[in-house]
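# Close look at the chain arrangement
Single-letter residue listing:
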Amino acid sequence: MLKFRSVAVALFCTGLITSFGAQASQVDIYGKIDAGVLTGKTRHGAATVQLKSGFTAGSRWGIKGVEDLGNGYKVGFILEQGFTIDDGAEGGTDQAFNRESSLYLDGSFGRVTFGRLGTLGFAQSTGILRGAVFGVTHGASGWASGTTSLHFSRVDNAVAYSTPSFGNVSVHAMYSNGTNTDDSENKWSKNNHYYGLGALYRSKEASGSVIFEAMDYKNETGIKHNPLYHLTIGGYWQIGQIRPMAIYQYQWGEDRYKQHTAQVGTQIKIGAGTAKLGFKYITRKVDGKGTLIQNEKKANLWNIGAGYEYPFSKRTKVYGFAGYVDGGKGWGKGTCLKTTNLNGYQIAFGMVHDF
């Protein structure tokens, strides 16, 4: 099935490019490959060494195109699929384009986008997250999902709108009619819905964003049915060769938890490359009937990470990274002691190539 799907996608791409070429539209195939060696050890686990795909940037390939409709209007699309370079596996089961599949319309009114999209507090073409030193990658040092759930990742059946920039500020909104499905067999009241609203500031020297997000989890039962809210504020300021960065987030939900997360750090141009250094702290308190963490109502962790990227060319770079995370309270006991993103260290070396 995988081989057939890969062939089908390749044929589709060829036909698509040929078709758009006949219309004199701009269509590009692009991608990124990140391959490296990752070694790590949890506090109560054995040391591991693995060939790792996408540690600093998810490996992906994609097709994007745009057509000028005239009178200031443009229509475009992005179709992007992830994969793992170490074993060639596709990024999502039964998804031809798991990272993003979007169609958008640009005009004087702004941009409207439809499809499978990255949430405002995540990445992809619709994300406006700012201030995270390592983005949403780099293991425990990243602004990642997983145990500490710092973003809502990607959602299906979404529509997004962004205004034109007014004084370097644009407003962004997104809604998902069903984060995984909105088919005819499910009522609206039974779908999980995502809501996002944010503002983005961009100038030559600085950029920052304020984002409010909510997921209502209507398809869940019990206390997992309750909504979860995120408020995220972050940004950076370029000062010569130094870029100080900071980001803060507050999460809350009835019978879920209250969580505060902050990260400060910097990116510094050293020689031809860029050094990155970040410190992150998270504290969580279980709310009401929320799920306990190793029988504890409280948990916290701190993390420090440092890395360096050196470009061989405009499209190829090598990187090195080291990070350490230490969990406390609930995150410092039981099975959490064997979880890499809660306790232990990671060291990575690798290469990234863009095409």
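This section reports on the structure supplied with the text. Along each chain, the written sequence defines residue order, and numbers are assigned to residues from 1. Where local features are concerned, this predicted model is filtered to residues with pLDDT of at least 70; where side-chain atom pairs are given and counted, the filter is 80 or more; whole-chain, interface and lining totals use all residues. For the side-chain quantities, the full set of heavy atoms in the structure was used; hydrogens and water were omitted.

This next bit is on the overall build of the protein. Helical segments are the DSSP runs of H or I of at least four residues, strand segments are the runs of E of at least two, and each set is numbered from the N terminus. Broken down by element type, the protein carries one helix and 17 strands. Taking 20 Å as the expected radius of gyration for a compact globule of 355 residues, we find that the protein reaches 21 Å, a close match to that expectation. For the protein, the spread of C-alpha atoms along the three principal axes comes to 60 × 55 × 50 Å. A fraction of 56% describes how many contacts in the protein between residues 6 or more apart in sequence connect residues 24 or more apart. Summed over all atoms, the accessible surface of the protein reaches about 17,500 Å², with 59% contributed by carbon and sulfur. The convention is simple: Lys and Arg are positive, Asp and Glu are negative, and His and the chain ends are not counted. Think of each charge as sitting on NZ of Lys, CZ of Arg, CG of Asp or CD of Glu. Put simply, the protein has 37 plus and 26 minus side-chain charges, and the middle of one group is 8 Å from the middle of the other. C-alpha atoms define the radius of gyration, and 2.2 Å times the number of residues to the power 0.38 defines the globule rule. In this description, contact between two residues means that some pair of their heavy atoms is separated by no more than 4.5 Å. Here, Shrake-Rupley sampling with a 1.4 Å probe gives the accessible areas, and only protein chains in the shown set may cover a residue.

It is worth spelling out the pattern of salt bridges at this point. Put simply, a salt bridge is a Lys or Arg side-chain nitrogen that is within 4 Å of an Asp or Glu carboxyl oxygen. Inspection of the entire model under this criterion finds nine salt bridges. Measuring nitrogen to oxygen at the nearest pair gives 2.7 Å for the salt bridge that ties D354 to K32. Here D354, found in strand 17 (residues 344-354), pairs with K32, found in strand 1 (residues 26-41); they are 322 residues apart in sequence, far enough to count as distant. Three exposure classes are used, based on accessible area relative to the maximum for each residue type with a 1.4 Å probe and protein chains only: buried under 20%, partly exposed in between, and exposed over 50%. Under the relative-accessibility criterion, D354 is labelled partly exposed at 25%.

All right, on to the environment of D354 then. In sequence terms D354 and Y30 are 324 residues apart; their C-alpha atoms lie 7.6 Å from each other. When sequence neighbours within four positions are dropped, the list of residues in contact with D354 reads G31, K32 and R315. Pairs of N or O atoms within 3.5 Å make up the polar contacts considered here, provided that, within protein, one atom can donate a hydrogen while the other can accept it, and that residues adjacent in sequence are counted only when both atoms are side-chain atoms. One polar contact links D354 to K32, side chain to side chain, over a distance of 2.7 Å.

Moving on, we get to empty space enclosed by the protein. Definitions used throughout: a 1 Å grid over protein atoms alone; a cavity as a set of points that fits a 1.4 Å probe which cannot get out; a pocket as an open set with protein on both sides within 12 Å along at least five of seven lines; a lining residue as one with an atom within 4 Å of a point. Grid points are joined across faces, edges and corners, and a volume is the space filled by probe spheres set on the points. Summed over all chains, the structure comprises three cavities of 30 Å³ or more. Looking at the second largest cavity, its volume works out to about 60 Å³. Taken together, H138, A140, S141, N303, F321, G323, Y324, V325, T340, G344, Y345 and Q346 make up the lining of the second largest cavity. Sorting the residues of the lining of the second largest cavity by element identifies strand 16 (316-329) and strand 17 as the ones contributing at least two each. The leading source of residues in the lining of the second largest cavity is strand 16, at four residues. In this classification, the charged set is Asp, Glu, Lys and Arg, the nonpolar set is Ala, Val, Leu, Ile, Met, Phe, Trp, Tyr, Cys and Pro, and all remaining amino acids, among them Gly, are polar. When the residues that make up the lining of the second largest cavity are grouped by side-chain class, the tally is five nonpolar, seven polar and no charged.

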